[in-house]
Amino acid sequence: MDIQDYERLNKKKREIPEELQSLRLRLHRAISWGRRAEQLSDDLDARFIFLWIGFNSLYAREPDAVAGGQDASKTFKEILEYLNVLVSLDKDRIHGFFWEGEIFEAGRLLVEDEYLFEFFWKSKTARVVQDKWREECRAHKRTFTKARTFNNLQKEKRMPKVLVSTVFNRLCVLRNQLIHGSATHDSGKNRNALLRGVTIMEPFLPVCIDLMLKNPDKDWGAPRYRPDDKNPI
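### Overview of the packing of helix α2 (residues 21-38) against helix α3 (residues 44-59)
The geometry of α2 relative to α3 is characterised by a closest axis approach of 8 Å and an angle of 170° between their N-to-C directions. Taken as axis vectors, α2 and α3 run roughly antiparallel relative to one another. Contact residues: Arg26, Leu27, Arg29, Ala30, Trp33, Arg36 and Ala37 in α2; Arg47, Phe50, Leu51, Ile53, Gly54, Ser57, Leu58 and Tyr59 in α3. The residue inventory of the contact of α2 with α3, partitioned by class, reads 9 nonpolar, 2 polar and 4 charged.

### Section: a positive patch on the surface
A contiguous patch of positive charge on the surface is contributed by Arg134, Arg138, Lys141 and Arg142. Turning to its location among the elements, Arg138 is positioned in helix α8 (residues 132-149). Exposure remark for Arg138: the relative accessible area of 48% places this residue in the partly exposed category.

### Topic: the side chain of Asn169
Locating Asn169 in the fold gives a position in helix α9 (residues 160-179). Among the residues examined, Asn169 registers a relative accessible area of 18% and is labelled buried. The residues touching Asn169, leaving out its near neighbours within four places in the chain, are Phe76, Leu116, Phe117 and His140.

### Some words on helix α5 (residues 91-99)
Among the residues of α5, those classed as buried are Ile94, His95, Phe97 and Phe98. One side of α5 carries all its buried residues, which in axial view fall inside an arc of 160°.

### Let's talk about the environment of Thr199
Tracing the sequence through the fold places Thr199 in helix α10 (residues 191-214). For the pair Thr199 and Phe104, spaced 95 residues apart in sequence, the C-alpha to C-alpha distance is 9.9 Å. The contacts of Thr199, once residues within four sequence positions are left out, are Glu102, Ile103 and Ala106.

### A short note on the packing of aromatic side chains
One pass over the structure, following the stated rule, counts 16 aromatic pairs. Three or more aromatic residues link up through ring pairs in this structure, and these residues are Phe48, Trp52, Phe55, Tyr59, Tyr82, Phe97, Phe98, Phe168, Phe204 and Trp220.

### Notes on the packing of α3 against α9
Angle between the axes and distance between the axes: these two values describe a pair of packed helices. Here α3 crosses α9 at 115°, and the two axes come no closer than 11 Å. On the basis of the axis angle, α3 is roughly perpendicular to α9. Considering the relative orientation of α3 and α9, their crossing is left-handed. Listed contacts from α9 to Asp45, Phe48, Ile49, Trp52, Phe55 and Asn56 of α3 are Phe168, Leu171, Cys172, Leu174, Arg175, Leu178 and Ile179. Residues of the contact of α3 with α9, tallied by class, amount to 10 nonpolar, 1 polar and 2 charged.

### Things to note about the pattern of salt bridges
In the structure shown here, the tally under the stated rule is 12 salt bridges. In this structure, Lys12 engages Asp210 in a salt bridge whose closest nitrogen and oxygen atoms are separated by 3.0 Å. Of the two residues, Lys12 sits in helix α1 (residues 3-13) while Asp210 sits in helix α10, which places them 198 residues apart along the sequence. A salt bridge links Arg24 to Glu18; the shortest N-O distance between them is 3.6 Å. Overlapping salt bridges, with partners in common, bring together Lys12, Arg93, Asp210 and Lys214 in one network.

Calculation rules
- Residues numbered from 1 in each chain as written.
- Predicted model: local features only at pLDDT ≥ 70, side-chain atom pairs only at ≥ 80, totals over all residues.
- Heavy atoms only, no water.
- Axes fitted to C-alpha atoms, helices over the stretch in contact; angles between N-to-C directions.
- Helix = DSSP H or I, 4+ residues; strand = E, 2+ residues; numbered from the N terminus.
- Parallel < 35°, antiparallel > 145°, perpendicular 65-115°, else oblique.
- Contact = heavy atoms within 4.5 Å.
- Nonpolar A, V, L, I, M, F, W, Y, C, P; charged D, E, K, R; others polar.
- Patch = residues over 30% accessible without salt bridge, like charges linked within 9 Å, V, L, I, M, F, W, Y side chains within 5 Å.
- Areas by Shrake-Rupley, 256 points an atom, 1.4 Å probe, with all protein chains shown as cover.
- Salt bridge = Lys/Arg side-chain N within 4 Å of Asp/Glu carboxyl O.
- Lys, Arg positive; Asp, Glu negative; His and termini not counted.
- Charge placed at Lys NZ, Arg CZ, Asp CG, Glu CD.
- Buried < 20%, exposed > 50% of the residue type's maximum accessible area, 1.4 Å probe, protein only.
- Arc of directions from axis to C-beta.
- Phe/Tyr/Trp six-rings, centres within 6.5 Å; stacked < 30°, edge-to-face > 60°.
- Left-handed = near helix turned anticlockwise from the far one by under 90°.

Here you go:
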């Protein structure tokens, strides 16, 4: 993906009817952050953060649309609901994306990274049994392996939702570490994780944008912090 591709997506965005302002706003925001991420090839931290902001622009809804507030678990649930909609719109494309060699390998390594497993960190504060995180981590790996096994079977048995949800479980932890000040800029400790995160998010953001452009009549919900009618975007 490069800036020229974002220009193409932006041109298609302008073709969306004016009455679909919520969708236009989501796409306008996401494209702006995707473009910016493309200009930061020498800063993995910033690239991942900007790509995630663009992604956040696409899925986040008004707070009152998410019952009970917005803690980490509810945020992940909101992300999964959005991703499941994408899968329902084009199962083969989403599955094909995450099965692609470089993307799949990045996802596999993220799933195997214990430092991106939330239960690992909860075990440090005794909020879960000390060894339980290992059991949960193994379960995630088995689930991911199972999804991989089904890849060579007939299309209806493929498991894109499993691939997507397991990978994004790890990406969300990486996102939280950065956004909530729990990582050092340009730290050597998370370089590999960030490289894998960017490897996935950089091409995935345009896929999300493109699917939404192709399905403008889908109810994508109201985005947060909408400008007034006099200045809609």
